[in-house]
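Listed here are the chains, written in short residue letters.
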Amino acid sequence: DIVLTQTPLSSPVTLGQPASISCRSSQSLVHSDGNTYLSWLQQRPGQPPRLLIYKISHRVSGVPDRFSGSGAGTDFTLKISRVEAEDVAVYYCMQATHQRTFGQGTKVEIK
Amino acid sequence: QVQLQEWGPGLVEPSGTLSLTCVVSGGSISTINWWSWVRQPPGKRLEWIGEIYHTGSTNYNPSFKSRVTMSVDQSKNQVSLKLNSVTAADTAVYYCARDPGGTYMGGSFDIWGQGTMVTVSS
């Protein structure tokens, strides 16, 4: 099984300041078709997850451009350039290269 | 706009069978999409259970393979989940989610249902 490890588990951030979340995989997420199926999801309290970014860095339509994804192989990052109040949520990385697994989640909260 | 809605019993007895249905509205189930079930035990990470295609083809998480059955009913535009021999560890919010397939957004879950809480208890 592929294990995704997120750091930090909690990220207190001042409004308007950046936030960064790391997701490290126990194996390379490069698929035999050449794609890397690493996505990022946002889960606000009491809500289902919402897809933000797919295939490392492709932002879903309607997602603010302050969210960006990067990385390759086994190391990936989600960045929020300027945190807003509505960004308070738990963020998960998910891989779909080998079955499907999720990171343990990172809680972004306002300091 | 495609929407997903899960429904089923909120309480299941230990050793019983958990049965849930996900109704797809606003679009046909018979497309290139794969339909997954994902669960989230209280305070824990999301866990993928498996997926089904409209033809009935399935892929299951090996952790559940001996206990899980997924099915599709194209006439009702819905997919179903059955999980046998449940224990308290199966208590969770259960979600259905769509993988749009294809070369564009395939390999991601772009639409999620609201989820349904299932408690395993006598």
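Just so it is clear, the model here is predicted, and its values are computed rather than measured. (Residues numbered from 1 in each chain as written. Chains lettered and ligands numbered in written order. Predicted model: local features only at pLDDT ≥ 70, side-chain atom pairs only at ≥ 80, totals over all residues. Heavy atoms only, no water.)

Considerations on the sheet that holds strand 8 (residues 78-83) of chain B
Residues and elements named next belong to chain B.
Reasoning step 1: Strand order in the open sheet formed by four strands is 1-3-8-7, and the pairing between neighbours is antiparallel. The open sheet has two edge strands, strand 1 (3-7) and strand 7 (68-73), and neither has a second partner. Taken pair by pair, the neighbouring strands of this sheet meet at an average axis angle of 20 degrees, ignoring direction.
Reasoning step 2: With six bridges joining them, strand 7 and strand 8 adopt antiparallel strand pairing. Pairing of D73 across the sheet is with Q78, part of strand 8. (Pairing = 2+ DSSP bridges. Helix = DSSP H or I, 4+ residues; strand = E, 2+ residues; numbered from the N terminus. Axes fitted to C-alpha atoms, helices over the stretch in contact; angles between N-to-C directions.)

Describing the state of the cysteines
All names here are of chain B.
Reasoning step 1: For the structure shown, the criterion picks out two disulfides over all chains.
Reasoning step 2: Between the sulfur atoms of C22 and its disulfide mate C96 the distance is 2.0 Å. What sets the handedness of the C22 and C96 disulfide is the S-S torsion sign, and at about 60 degrees it is right-handed. Residue C22 is located in strand 3 (residues 18-25), and its partner C96 is located in strand 9 (residues 92-99); the two are separated by 74 residues in the primary sequence. Each member of the pair, C22 as well as C96, is classed as buried. (Disulfide = S-S within 2.5 Å. Buried < 20%, exposed > 50% of the residue type's maximum accessible area, 1.4 Å probe, protein only.)

Points about the side chain of N33(B)
Reasoning step 1: Its location among the elements puts N33(B) in the loop between strand 3 and strand 4 (34-40).
Reasoning step 2: Here the side chain of N33(B) touches T31(B) through a polar contact of 2.5 Å, side chain to side chain. (Polar contact = N/O pair within 3.5 Å; in protein donor to acceptor, adjacent residues only side chain to side chain.)

Quick look at the interface of chain A and chain B
Reasoning step 1: Counting residues at the interface gives 21 residues for chain A, matched by 25 residues for chain B.
Reasoning step 2: Summing both partners gives a buried area of about 1,900 Å² for chain A against chain B, and 56% of it is carried by carbon and sulfur.
Reasoning step 3: Sorting the residues of chain A by area buried against chain B places Y54(A), R100(A) and F102(A) first, and these three jointly supply 33% of that buried surface.
Reasoning step 4: In this structure, the connection of chain A to chain B is made through two salt bridges.
Reasoning step 5: One salt bridge connects R100(A) with E51(B), and the closest N-O pair in it is separated by 3.1 Å.
Reasoning step 6: For the pair chain A and chain B, the interface holds nine residue pairs in polar contact (both at pLDDT 80 or more).
Reasoning step 7: Elements with a minimum of two residues in the side of chain A that touches chain B: strand 4 (38-43), strand 5 (50-54) and strand 9 (89-95) of chain A.
Reasoning step 8: Its residues placed into classes, the side of chain A that touches chain B shows 12 nonpolar, six polar and three charged. (Contact = heavy atoms within 4.5 Å. Buried area = accessible area lost by both parts, 1.4 Å probe. Salt bridge = Lys/Arg side-chain N within 4 Å of Asp/Glu carboxyl O. Nonpolar A, V, L, I, M, F, W, Y, C, P; charged D, E, K, R; others polar.)

Focus on the layout of surface pockets
Reasoning step 1: A volume near 490 Å³ is recorded for the largest pocket.
Reasoning step 2: Around the largest pocket, the lining comprises 20 residues; the ones closest to its centre are P49(A), Q1(B), D110(B), I111(B) and W112(B).
Reasoning step 3: Broken down by element, the residue count for the lining of the largest pocket peaks at three residues, all from strand 1 of chain B.
Reasoning step 4: Here the residues of the lining of the largest pocket are counted per class, giving nine nonpolar, eight polar and three charged.
Reasoning step 5: Here the second largest pocket defines a volume of roughly 290 Å³. (1 Å grid on protein atoms, 1.4 Å probe; cavity = no way out; pocket = protein on both sides within 12 Å on 5 of 7 lines; lining within 4 Å. Points joined across faces, edges and corners; volume = space filled by probe spheres on them.)

Things to note about the pattern of salt bridges
All names here are of chain A.
Reasoning step 1: In the structure shown here, the tally under the stated rule is 10 salt bridges over all chains.
Reasoning step 2: Note that R66 and E86 form a salt bridge whose closest N and O atoms lie 2.8 Å from each other. Of this pair, R66 sits in the loop between strand 6 (58-59) and strand 7 (67-72) while E86 sits in the loop between strand 8 (75-80) and strand 9; the two residues are 20 residues apart in sequence, bridging distant segments of the chain.
Reasoning step 3: Taking relative accessible area as the criterion, R66 reaches 7% and is therefore assigned buried.
Reasoning step 4: A residue is classified by how much of its surface remains accessible, and E86, at 43% relative accessible area, is partly exposed.
Reasoning step 5: For the salt bridge of D87 with R66, the shortest nitrogen-to-oxygen distance reads 2.7 Å. Of this pair, D87 sits in the loop between strand 8 and strand 9 while R66 sits in the loop between strand 6 and strand 7, and the two are 21 residues apart along the sequence. Just as D87 is buried, R66 falls in that class too.
Reasoning step 6: Each of R66, E84, E86 and D87 takes part in one network of salt bridges that share partners.

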